[in-house]
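Structural characterization, general
Chain by chain, the residues run as shown.
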Amino acid sequence: MTSNTHTHTHTHARTHTHSYFAEIATQLEAETDEETRSLLVGNALEEARGQAAELAMDPRTSRTLQGLLQSAGDDDLLGYLSAIGCSSSSSTTTTAAAATASPRFLEVCCSGSGSHVLETLFASVADRLRRPDYDAKAQAAFSQRAEEALAPMCEAVAAKAYSVGSDRAGSPAARSLVSLLCGRGVGAKSGTVGQRLTQAMDDDNSNDAAASTSAAPPPYLLPMLLNTFTGKVLESASPEELWDLAADTAGSGFLQALVRAHAQDEEALAMLIPSFLGSEPGAGDGNGIGERLSCVPAERFEELMSDRAGSHLAEAVLQSVPPSLFTEIFTRFCMGRLLSLALHPVSNFAVQGVFAAIKEKGQARLALHELRGDFKVCGGGKTWMVVRRHVGPL
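Residues numbered from 1 in each chain as written. Predicted model: local features only at pLDDT ≥ 70, side-chain atom pairs only at ≥ 80, totals over all residues. Heavy atoms only, no water.

1. What about unusual backbone geometry?
Phi at Gln264 is positive, roughly 70°, even though this residue is not glycine. Following the sequence through the fold, Gln264 ends up in the loop between helix 15 (249–261) and helix 16 (266–276). A residue is classified by how much of its surface remains accessible, and Gln264, at 37% relative accessible area, is partly exposed. (Helix = DSSP H or I, 4+ residues; strand = E, 2+ residues; numbered from the N terminus. Buried < 20%, exposed > 50% of the residue type's maximum accessible area, 1.4 Å probe, protein only.)

Below, the structure written as structure tokens:
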């Protein structure tokens, strides 16, 4: 009897909550007064804090939550960030080190609806952190509170990097978290390889080509959290697990995000790349120029380029490494293998990525010499035109 009463009460409360958020969505759609809208959003998010995980994972309320988060004021946004990511006992702590993640946070990450809510939440926080003309003192306070709330979430995801990164819902949530930490998009560049090669030709025709290829990425939004997160991912996942992620569609996307987050950062990439290729960083011949990846067998990078999921990760690497690391990748992993890779139905796309990444005429000549009799296998005319622009008349 008691059990039936409890179930009835719980069902009634859930129905009431669904009705409340449906009404809020209707009111917001009709309301035009900004002050009234702000009040509605704040009240709704305050109501959501006590059951943040349940509402995020419920398809009937998650869409409304996403709209609320996009319109929320700073305090309401940070309040919900703490509610969904931090345990109730630590959500009021004053230091990030003392906070712990909510027991249900990873469950939200790996829920279809919950993942979408987290993506919206992280994107909304990132937008606030990028306000260029906002009051400096208020912006610093917002950044500190956001970092304190995000720290336990980063810890939780990094500790379960393999299970979250390989999950179809968890991977997008983790990628959004990485994007927030670094402050830029970490998804695949738009367009096909061929379209990007066309862009490369346009860049070669531009007076600003040199500036566009050498410009440093924008500063990280939360650099300490990003570096800590990446380091803990590499600590928690074994080389074998990271290699499995590289060959998994969801897992490859997660590793691509990490690579792109650290674009042009030689130290970070020299740790990341060997790790997901199944090697221990620094275990090779040395750590000097041209030796950062000596611990990686050439066959392993070739295997990555030939795998359907791995080839996208290989392309992310080629797009993200600084010139010194690209030279080592080109010399150590590509030379002597370009023709066989270009003839492969999967790795040929990664080979086009190699050509798109070439910036030195000498490298273009070497690659062209290797493919000279069969250059059409490597992307056809577009790739040929890009190479010719580097090499000049034959």
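2. Remarks on the pattern of salt bridges
In this structure the tally under the stated criterion is 15 salt bridges. Two residues, Arg131 and Asp74, come together in a salt bridge whose shortest N-O distance is 3.0 Å. Of this pair, Arg131 sits in the loop between helix 7 (112–129) and helix 8 (136–159) while Asp74 sits in helix 5 (residues 74–85), placing them 57 residues apart in sequence. With respect to class, Arg131 is no different from Asp74; both count as buried. When the shortest N-O distance is used, the salt bridge between Asp75 and Arg145 registers 2.9 Å. With Asp75 in helix 5 and Arg145 in helix 8, the pair connects residues that are 70 residues apart, well separated along the chain. Arg145 gets classed as partly exposed once you look at its relative accessible area, which sits at 39%. Among the charged side chains, a network of salt bridges with common partners joins Glu54, Arg104 and Glu107. (Salt bridge = Lys/Arg side-chain N within 4 Å of Asp/Glu carboxyl O.)

3. Overview of the nonpolar core
Formed by 105 residues in total, the largest nonpolar core has its most connected members in Tyr80, Phe229, Phe254 and Phe276. The leading source of residues in this core is helix 8, at ten residues. Setting aside residues up to four positions removed in sequence, Phe254 forms contacts with Ala161, Gly165, Ser171, Ala174, Arg175, Val178, Phe229, Val233 and Leu245. (Core = buried A, V, L, I, M, F, W, Y, C linked by side-chain atoms within 4.5 Å. Contact = heavy atoms within 4.5 Å.)

4. What to know about helix 2 (residues 34–49)
It helps to recall that an α-helix has 3.6 residues per turn; residues three or four apart then point in one direction. With 16 residues, helix 2 ought to run about 22 Å at 1.5 Å a step, and its terminal C-alpha atoms sit 23 Å apart, in line with that. Along helix 2, the residues that are buried comprise Leu40, Val41, Gly42, Ala44, Leu45 and Ala48. (Expected span 1.5 Å × (residues − 1).)

5. With respect to helix 17 (residues 298–306)
Here helix 17 has its buried residues at Ala298, Phe301, Leu304 and Met305. Across the axial projection of helix 17, the buried residues extend over an arc of 120°, all falling on one side. Buried residues in helix 17 make contact with helix 14 (239–246), helix 16, helix 18 (308–320), helix 19 (323–334), helix 20 (338–343) and helix 21 (347–357). (Arc of directions from axis to C-beta.)

6. Considerations on the confidence of the model for the protein
The predicted model of the protein has a mean per-residue pLDDT of 83, with 79% of residues at 70 or higher. Here residues 1–13 is modelled with pLDDT under 50, and outside its nearest four sequence neighbours on either side it reaches zero contacts, counting other chains as well. Note on residues 204–214: pLDDT is under 50 here. Beyond four places in sequence and across chains, it has six contacts. (pLDDT = per-residue confidence, 0-100.)

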